[in-house]
Amino acid sequence: MADSFFEQDSQQTPQGFTLDFKRVISRAIRFWYVIVVSLVIAFVIAFYKNRYTLKEYTVTASILIKEMQETGGAEILYKNSLIDPYRNYLNEPYIIRSYPLIEDVVRDLNFHISFLQEGYIVTSETYSNMPVKAEWCKPEEVKTGKFIFTLLDENRYTLSKFSDQDHESNPPVFTLGDSITHLDYALCIKRIPDRKIKGQIGVPFILEIKNPTQVAGSYIGRLKVEWAAVGAGIINLSLTGNNPEKEIDFLNALIKRYGEKDLDKKNETAARTVEFITSQLKNIKDSLRIVEFQLERFGNSSRIKDMSADAQRLYGKLEAFEIQRAELLIRQNYYQYLESYLKSGTDRLDQVILPSSMGINDPILSSLLLKMIDIQVEIKTIVGPDKLSNPLVSAKLERIREIRKDVEEAVRTLKSTDKIKMDFLTRQLSETEKQLGNLPASERQLIAVQRNYSLLENLYVYLMQKLSEASISKAANTSDIVPVNPPMRGGAISPKPAQNYSMAAVIGLAVPFMLFVLFEILNNKVQSKEDIEKMSTIPFIGGVGHNSSGNNLTVRERPKSGVAESFRALRSNLNYFTGNKTKQVFMVSSSISGEGKTFTTINLATVFALSGKKTLIVGADMRRPKIFEDFNCSNSTGLSTYLSGISNFKEIVQPTAIENLFLISGGPVPPNPSELLLTERMESFVKTALEEFEYVIIDTPPLALVTDAFVISKFVNHTVFVLRQNYSPKEFVRSIDEYYRSGKLKNMSLMLNDIYKSGLGYGYGQSYAYQYGYGYGYGYGSRKKNGQGYYED
């Protein structure tokens, strides 16, 4: 069974790096205090975050944007665009969050001026509890700065520059409610009624003045505007901030200002229409006075009734033609106004007077002008000194240019149509005037004066009608913005104590575990049997515990210790490889010095000798012979003198204090150790040793330093390669495995020495400890681990 076990081990394929989580857990258990400290630090940070982070609240409101205005007096009189304006509802969320609108609200509320109170850790705004408010007195100027504000009593206060607070001993004193100019800052600090002021007297506050545009940008970033549902006319407003009372005031002002803007937009067209009609009426009034004076010269207008029947017929005919002509003249005046407006340039953003207000009901022209007005409103919502260089603005201006071309084409078409009508009326008037030539001179003069009077009177009445319609439309206009839900404060959304403590627990555990994982990744030393099996196909023969005695003769001095038991197990495993045959040569080697190669050689040979087998230890490290010191033997003769032909075999063999155990030391250091091993005397040495002894154990130099072990390997039956826990580099294990698989080293096995780490991930738990002598009183059972993981008495 043992043969099959070692055969199975030898057929394993070495694996690459794999993280041993059991070992990480073992390290975490061993260094539990690191995890505790990490958790304490994480929870302390979470506590301070929950304690000193300013709470953030959400304030919500909703508004309704009506799709059409209720029927008013103007709509009953005349259906026109003054009371039914074009609105692109998709633009409304963008308009609400536009810089001009938000900045107007900030300036109206003076939210760019705030009072702050310094704490031990954080500085917070005192909006709700401050008994005074500050107003900026020069809206056209934009200045920023900080002051120290201190109330002296209920009527006076001091104001000093923030940077000079430690140097200005006598700051100026001002009176609440007065407009002041201090250091070029124009302010007015007023008392807020119904707020207690006594508790704030003598307390220094920071008066901070910010750029209104920057404050508006902050509100835009925190303001969410969303439609309540697809196709709905309700918009939900949501604003987050540290002062819920301040955010409620802001949303109230925003809704009010937004409604005013909407009403101003609707009234703008009506106001421009009233202005245009008023200017036309002024000219007609002057002409009408002159004609009235001329008519008075002929007496009362009742004289028309005294005219002949032909004269009255021709006068009625002329009056009808003049009424039509007056309407065409008004249309011509509007076309002239529109052409002048179009020639003024695309950067002109004031709204044009709509044709329907002047009685021109052309659907194409009205639609084009409404689209142009809508784009102009969108451009006005974009703020910035370099507005015209904005790609979005440039695209909209290009769209306006295209619309203007279409408007110009529509105006030309309408003018052509009106010209045809005017030419027809002119011909009718000419024919009628020819017929008037047959009337008496007095009747002709009276009809001419009455004709001019009727024309101007009709124009005046028509324009007065349109003026009344425009004025009624303006007076009847109401905003389409209707508040649905007033601004209401929600619960605090930040900080979240439960979440912060949960994150602290996760981070407090994750950081030390990540460190433990990092240590495991960076550790390139052999730790356990599992490490060896992952990197090598060489059979693993066994492990030896930590030797705390400081003496290499552990098996002799403490025969019942765990270390002694482990060497007896090692002897048994070697017998499996050799089939319990005697006359065997074993070579003990390692990769570097310090791995316990000599310690293993001495104690392995001791267990063979104590079992009644005549055993020989050969110190083949002729460069640094040291093994003789442990047995208090001489090094005057040894392997070097035998291979050099100076001594014979019997002269170099030395008995030891252990029965059946003999020693051949390395001898005096020769100049050419490797060459001596290659001589025929080395082969003769091995044969002679096997004739005299049952077991020969050769202690060789480290394999990574010299090649002596390769030379000696051809004379041995089995090689034991020693690795030391947490000492031997893993790369050397891979190198030895390469030698083994390539055939340079055959019949070998690996053992792990100086095992002082045990438990999860190390492959040596309590079962290993018990097996190797914990119950004997000499092993690890009577000793405990120290703080470094080593066993001590």
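Computed from a predicted model, the values in this text were never measured in an experiment.

Draft legend 1. Quick look at the overall build of the chain. Within the chain, the regular secondary structure consists of 25 helices and 23 strands. Looking at the chain residue by residue over its 793 residues, the buried ones come to 47%. When the accessible surface of the chain is split by element, carbon and sulfur atoms take 53% of a total near 39,400 Å².

Draft legend 2. Broad picture of the sheet that holds strand E4 (residues 132–136). Pairing is antiparallel in the open sheet, where three strands are placed in the order E4-E9-E8. Pairing within the sheet leaves two strands with one partner each, and these edge strands are E4 and strand E8 (179–182). This sheet shows a mean twist of 35 degrees between the axes of neighbouring strands, independent of strand direction. With four bridges connecting them, E8 and strand E9 (residues 185–191) associate as antiparallel partners. Bridging across to E9, Ile 180 finds its partner in Leu 187.

Draft legend 3. Local environment of the layout of surface pockets. Its boundaries defined by the atoms lining it, the largest pocket holds a volume of some 650 Å³. If you trace the largest pocket, you find 31 residues lining it, with Ser 593, Gly 594, Lys 597, Thr 598 and Lys 626 closest to the centre. Classifying every residue of the lining of the largest pocket by side-chain character gives eight nonpolar, 12 polar and 11 charged.

Draft legend 4. Molecular detail of the confidence of the model for the chain. Scored by pLDDT, the chain comes out at a mean of 80, with 80% of its residues at no less than 70. Of the regions scoring below 50 in pLDDT, residues 69–85 engages in 37 contacts with residues more than four places distant in sequence or in other chains.

Draft legend 5. Spotlight on a nonpolar patch on the surface. A cluster of nonpolar side chains, namely Trp 32, Tyr 33, Val 34, Val 36, Val 40, Phe 43, Val 44, Phe 47, Tyr 48, Tyr 120, Ile 121 and Tyr 501, defines an oily patch on the protein surface of about 1,200 Å² accessible area. Position of Val 34 relative to the elements: it lies in helix H3 (residues 32–52).

Draft legend 6. Inspection of the pattern of salt bridges at higher detail. Tallying each qualifying case throughout the model produces 29 salt bridges. With a closest N to O distance of 2.8 Å, Arg 23 and Asp 531 form a salt bridge. Residue Arg 23 is located in helix H2 (residues 21–30), and its partner Asp 531 is located in helix H14 (residues 529–535); the two are separated by 508 residues in the primary sequence. Classification of Asp 531 by relative accessible area gives buried; the value is 6%. Between Arg 568 and Glu 565 there is a salt bridge, and its shortest N-O distance comes to 2.9 Å.

Draft legend 7. Structural view of the environment of Ser 494. Structurally, Ser 494 is set in strand E13 (residues 481–494). For the pair Ser 494 and Lys 55, spaced 439 residues apart in sequence, the C-alpha separation works out to 5.4 Å. With residues near it in sequence (within four places) discarded, Ser 494 still touches Leu 54, Lys 55 and Glu 56.

Draft legend 8. Structural context of helix H13 (residues 497–522). In this model H13 runs 37 Å from its N-terminal to its C-terminal C-alpha over 26 residues, within 8% of the 38 Å that 1.5 Å per residue would give. When we look at burial in H13, the residues that qualify are Asn 500, Ala 504, Gly 508, Pro 512, Phe 516 and Glu 520. Residues of H13 that are buried sit in contact with H2 and H3.

Draft legend 9. Quick look at the nonpolar core. Ranked by size, the top nonpolar core spans 42 residues in total, and within it Phe 649 and Phe 685 carry the most contacts. If near-sequence neighbours (up to four positions away) are discounted, Phe 685 is found in contact with Val 618, Leu 639, Tyr 642, Phe 649, Ile 652 and Ile 664. Residues Val 274, Leu 354, Leu 369 and Leu 459 belong to the second largest nonpolar core, which totals 39 residues.

Draft legend 10. Up close: the pairing of strand E21 (residues 748–755). For E21, the buried fraction is high: eight of the eight residues fall into the buried class. Across four bridges, strand E14 (residues 540–545) lies against E21 in parallel orientation. Across the sheet, Phe 540 pairs through a bridge with Leu 750, a residue of E21. Sheet topology note: the strand E20 (residues 718–724)/E21 ladder contains six bridges and is parallel.

Draft legend 11. Representation of the sheet that holds strand E2 (residues 113–118) in the model. An order of E3-E2-E10-E5-E6-E7 is seen for the six strands of this open sheet, with the pairing classed as antiparallel. Edge strands, defined here as strands with exactly one partner in the open sheet, are strand E3 (123–125) and strand E7 (173–175). On average, adjacent strands in this sheet sit at an angle of 35 degrees to one another, irrespective of strand direction.

Draft legend 12. Summary view of the pairing of strand E10 (residues 204–209). The element E10 is largely enclosed, with a buried count of five among its six residues. Across six bridges, the pairing between strand E5 (residues 145–151) and E10 is antiparallel. Its bridge partner lying in E10, Lys 146 is registered against Glu 208.

Draft legend 13. Geometry of unusual backbone geometry. For the bond running from Ser 494 to Pro 495, omega is -5 degrees, close enough to zero to count as cis. In this fold, Pro 495 is placed in the loop between E13 and H13. Of note, Asp 184 is a non-glycine position whose phi angle comes to about 70 degrees, a positive value. Relative to the helices and strands, Asp 184 resides in the loop between E8 and E9. In this structure, Asp 754 takes a positive phi of about 60 degrees despite not being glycine. Locating Asp 754 in the fold gives a position in strand E21. The exposure class assigned to Asp 754 is buried, which follows from its relative accessible area of 7%.

Draft legend 14. Looking closely at the packing of aromatic side chains. A full pass over the atoms with the stated rule returns 27 aromatic pairs. The interplanar angle of 85 degrees and the centroid separation of 5.5 Å between the aromatic rings of Phe 47 and Tyr 48 together place this pair among those described as edge-to-face. Since its relative accessible area comes to 43%, Phe 47 is described here as partly exposed. Centroid distance Tyr 334 to Tyr 337: 5.9 Å. Interplanar angle 45 degrees. Geometry classified as tilted. With Tyr 334 and Tyr 337 both in helix H9 (residues 309–343) and three residues apart, this pair spans about one turn of that helix. Note on accessibility: Tyr 334 and Tyr 337 belong to one class, buried. Every member of this aromatic cluster is reached through a ring pair, and the members are Phe 31, Trp 32, Tyr 33, Phe 513 and Phe 516. Over the ring of Phe 147 we find Lys 161; its NZ or CZ atom is 5.0 Å from the centre of that ring. Of note, Lys 246 hangs over the ring of Phe 111, and the distance from its end group to the ring centre comes to 4.8 Å.

Draft legend 15. Seen up close, the packing of helix H6 (residues 99–109) against helix H7 (residues 212–222). It is at 9 Å that the axes of H6 and H7 come closest, and there the two elements cross at 115 degrees. Here H6 lies roughly perpendicular to H7, going by the angle between them. The hand of the H6/H7 crossing is right-handed. Between H6, through Tyr 99, Ile 102, Glu 103, Val 106 and Arg 107, and H7, the contact on the second element is made entirely by Pro 212, Thr 213, Val 215, Ala 216, Gly 217, Tyr 219 and Ile 220. Among the residues making up the contact of H6 with H7, the classes are represented as eight nonpolar, two polar and two charged.

Definitions and limits used
Position numbers for residues count from 1 along each chain, tracking the sequence in the order it is written. For a predicted model such as this one, the threshold for reporting local features is a pLDDT of at least 70, and the threshold for listing and counting side-chain atom pairs is 80 or more; totals across whole chains, interfaces and linings nevertheless cover every residue. Hydrogens and water molecules were not included; the side-chain quantities draw on all heavy atoms of the structure. Helix and strand labels come from DSSP, where a helix needs a run of H or I of at least four residues and a strand needs a run of E of at least two; each type is numbered from the N terminus. Only protein chains enter the accessibility calculation, which uses a 1.4 Å probe; a residue whose area is less than 20% of its type maximum is buried, one above 50% is exposed, and one in between is partly exposed. The accessible surface values rely on the Shrake-Rupley method and a 1.4 Å probe; as for residues, cover is taken only from the protein chains in view. By definition, two strands form a pair when at least two bridges between them are found by DSSP. Note on geometry: axes are lines fitted to C-alpha atoms, helical ones only across the stretch in contact, with angles between N-to-C directions running from 0 to 180 degrees. Cavities and pockets are defined on a 1 Å grid built over the protein atoms alone: a cavity is a set of grid points where a 1.4 Å probe fits but cannot escape, while a pocket is an open set with protein on both sides within 12 Å along at least five of seven lines, and lining residues are those with an atom within 4 Å of any such point. Grid points are joined across faces, edges and corners, and a volume is the space filled by probe spheres set on the points. Gly falls in the polar group here, along with every residue not listed as nonpolar (Ala, Val, Leu, Ile, Met, Phe, Trp, Tyr, Cys, Pro) or charged (Asp, Glu, Lys, Arg). The pLDDT value tells you how sure the predictor is about a given residue, anywhere from 0 up to 100. Two residues qualify as a contact provided that any one of their heavy atoms is within 4.5 Å of a heavy atom in the partner residue. Exposure above 30% relative accessible area and the lack of any salt bridge qualify a residue for a patch; like charges then connect within 9 Å, and the nonpolar side chains Val, Leu, Ile, Met, Phe, Trp and Tyr within 5 Å. Put simply, a salt bridge is a Lys or Arg side-chain nitrogen that is within 4 Å of an Asp or Glu carboxyl oxygen. Working rule for helices: expected span equals 1.5 Å times residues minus one. Side-chain atoms within 4.5 Å are what join buried Ala, Val, Leu, Ile, Met, Phe, Trp, Tyr and Cys residues into a set we call a nonpolar core. Pairing of aromatic rings covers Phe, Tyr and Trp, the last through its six-membered ring, and needs centres within 6.5 Å; plane angles under 30 degrees mean stacked, over 60 mean edge-to-face, and all others mean tilted. For a lysine, the NZ atom is tested; for an arginine, the CZ atom; a charge sits over a ring if that atom is within 6 Å of the ring centre and within 35 degrees of the ring normal. Oblique is the label for any angle not covered by the other classes, which are roughly parallel (under 35 degrees), roughly antiparallel (over 145) and roughly perpendicular (65 to 115). Note: crossing handedness is left-handed where the near helix turns anticlockwise from the far helix by less than a right angle, and right-handed where it turns clockwise.

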